[in-house]
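Residues per chain are reported as follows:
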Amino acid sequence: MTGPVPLPARRPETPADADFLSGLFRAHRAEAFAVPGLPPADLDALLRLQVQAQVAHYRRQWPQARAEIVLDAGAAPIGRLLSARSARELRLIDIALLPACCGCGLGTRLIAALIDEAGAAGLALTAHVARDNPARRLYARLGFREHDDGGPYLAIRHAVPGREA
């Protein structure tokens, strides 16, 4: 019998993680950018530009963000967690795990830890999720409520217990 999935270790992201983060992005997004007939070198260049754009956007939008690398039991990188805390909320900016690490409870444990952190600080945990992202089921199971703000993503919120959602 197996017990609950332990909370994965995390460490601060460093510039040395650039190749890992690029590979993580590619693992999740390469298919979305693949155009029939696009030469592999062009797809590689496009994905490189997309990674750079994502990094620049996150740094510009959330300069105070806490960028962490998620580690397996052997301290190898298996994901990233990007969050930002303000006086009003704890924002989950990005969470991504290598595909081989998805579906085994690690994401649930990471998000539950953020829910606990936000609750201890008296803050709501907020995020945005793509409308077609299967993780919407996970967020719903963890008590997030969706709010349609008309954009391509849904705003989601996990309220502080005892406060209005």
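What counts as what
- Each residue is numbered by its place in its chain's sequence as written, counting from 1.
- Totals for whole chains, interfaces and linings use all residues, but because this is a predicted model, local features are given only for residues with pLDDT of at least 70 and pairs of side-chain atoms are given and counted only at 80 or more.
- With hydrogens and water stripped out, all remaining heavy atoms of the structure feed into the side-chain values.
- To qualify as a nonpolar core, a set must consist of buried Ala, Val, Leu, Ile, Met, Phe, Trp, Tyr and Cys residues joined through side-chain atoms within 4.5 Å.
- Three exposure classes are used, based on accessible area relative to the maximum for each residue type with a 1.4 Å probe and protein chains only: buried under 20%, partly exposed in between, and exposed over 50%.
- A helix here means a DSSP run of H or I that spans at least four residues, while a strand means a run of E at least two residues long, and both kinds are numbered starting from the N terminus.
- Pairing of aromatic rings covers Phe, Tyr and Trp, the last counted by its six-membered ring, and requires centre-to-centre distances within 6.5 Å; plane angles under 30 degrees mean stacked, over 60 mean edge-to-face, and any other angle means tilted.
- N or O atoms closer than or at 3.5 Å make up a polar contact, with two conditions inside protein: a donor-capable atom paired with an acceptor-capable one, and, for residues adjacent in sequence, both atoms drawn from side chains.
- Every residue pair with non-hydrogen atoms within 4.5 Å of one another is taken to be in contact.
- Paired strands, in this sense, are two strands between which DSSP finds at least two bridges.
- Fitted lines through C-alpha atoms give the axes, limited to the stretch in contact for helices. The angle between two N-to-C directions lies from 0 to 180 degrees.
- Note on bend: the value at a residue is the angle between axes fitted to the seven residues ending there and to the seven starting there.

1. Some details on the nonpolar core
Turning to step 1, where the next piece is worked out: In this structure, Leu 92, Ile 111, Leu 125, Tyr 139 and Phe 144 are the most contacted members of the largest nonpolar core, which totals 23 residues.
Turning to step 2, where the next piece is worked out: No other element matches helix H3 (residues 106-120), which puts six residues into this core.
Turning to step 3, where the next piece is worked out: Phe 20, Leu 21, Leu 24 and Ile 69 belong to the second largest nonpolar core, which has six residues in total.

2. Re the packing of aromatic side chains
Turning to step 1, where the next piece is worked out: Applying the stated rule across the entire model yields two aromatic pairs.
Turning to step 2, where the next piece is worked out: Note on Tyr 58 and Trp 62: the rings are 6.2 Å apart at their centroids and 50° apart in plane angle, and the pair reads as tilted.
Turning to step 3, where the next piece is worked out: Judged by its relative accessible area of 18%, Trp 62 falls in the buried class.
Turning to step 4, where the next piece is worked out: The interplanar angle of 75° and the centroid separation of 5.2 Å between the aromatic rings of Tyr 139 and Phe 144 together place this pair among those described as edge-to-face. For the pair formed by Tyr 139 and Phe 144, the shared burial category is buried.

3. Quick word on the side chain of His 158
Turning to step 1, where the next piece is worked out: Relative to the helices and strands, His 158 is located in strand S7 (residues 153-158).
Turning to step 2, where the next piece is worked out: Side-chain polar atoms of His 158 contact the backbone oxygen of Leu 142, separated by 3.0 Å.
Turning to step 3, where the next piece is worked out: Among residues more than four places away in sequence, those in contact with His 158 are Ile 115, Ala 124, Leu 125, Leu 142, Gly 143 and Phe 144.

4. Comments concerning the sheet that holds strand S1 (residues 9-12)
Turning to step 1, where the next piece is worked out: With respect to topology, seven strands assemble into an open sheet ordered S1-S2-S3-S4-S5-S7-S6, the strand pairing being mixed. The strands lining the two open edges of the sheet, one partner per strand, are S1 and strand S6 (145-147). For this sheet the average axis-to-axis angle between neighbouring strands, irrespective of direction, equals 30°.
Turning to step 2, where the next piece is worked out: Relative to S7, S6 runs antiparallel, the two being bridged by three bridges. Across the sheet, Glu 146 pairs through a bridge with Ile 156, a residue of S7.

5. Some thoughts on the pairing of strand S3 (residues 77-85)
Turning to step 1, where the next piece is worked out: In terms of burial, S3 is a largely internal element, seven of the nine residues being buried.
Turning to step 2, where the next piece is worked out: With six bridges connecting them, strand S2 (residues 66-71) and S3 associate as antiparallel partners. In the strand pairing of S3, Arg 66 is matched with Ser 83.
Turning to step 3, where the next piece is worked out: The hairpin turn running from S2 into S3, its antiparallel successor, is five residues long, and Ala 75 in that turn takes a positive phi close to 70°.
Turning to step 4, where the next piece is worked out: Between the antiparallel neighbours S3 and strand S4 (residues 89-97) lie three residues.

6. A closer look at helix H1 (residues 18-33)
Residues separated by three or four positions in an α-helix point in the same direction, a consequence of the helix having 3.6 residues per turn.
Turning to step 1, where the next piece is worked out: At Ala 27, H1 shows its maximal kink, close to 50°.
Turning to step 2, where the next piece is worked out: Within H1, the full set of buried residues consists of Phe 20, Leu 21, Ser 22, Leu 24, Phe 25 and Phe 33.
Turning to step 3, where the next piece is worked out: Tucked into the core, H1 has its buried residues touching helix H2 (40-61), S2, S3 and S4.

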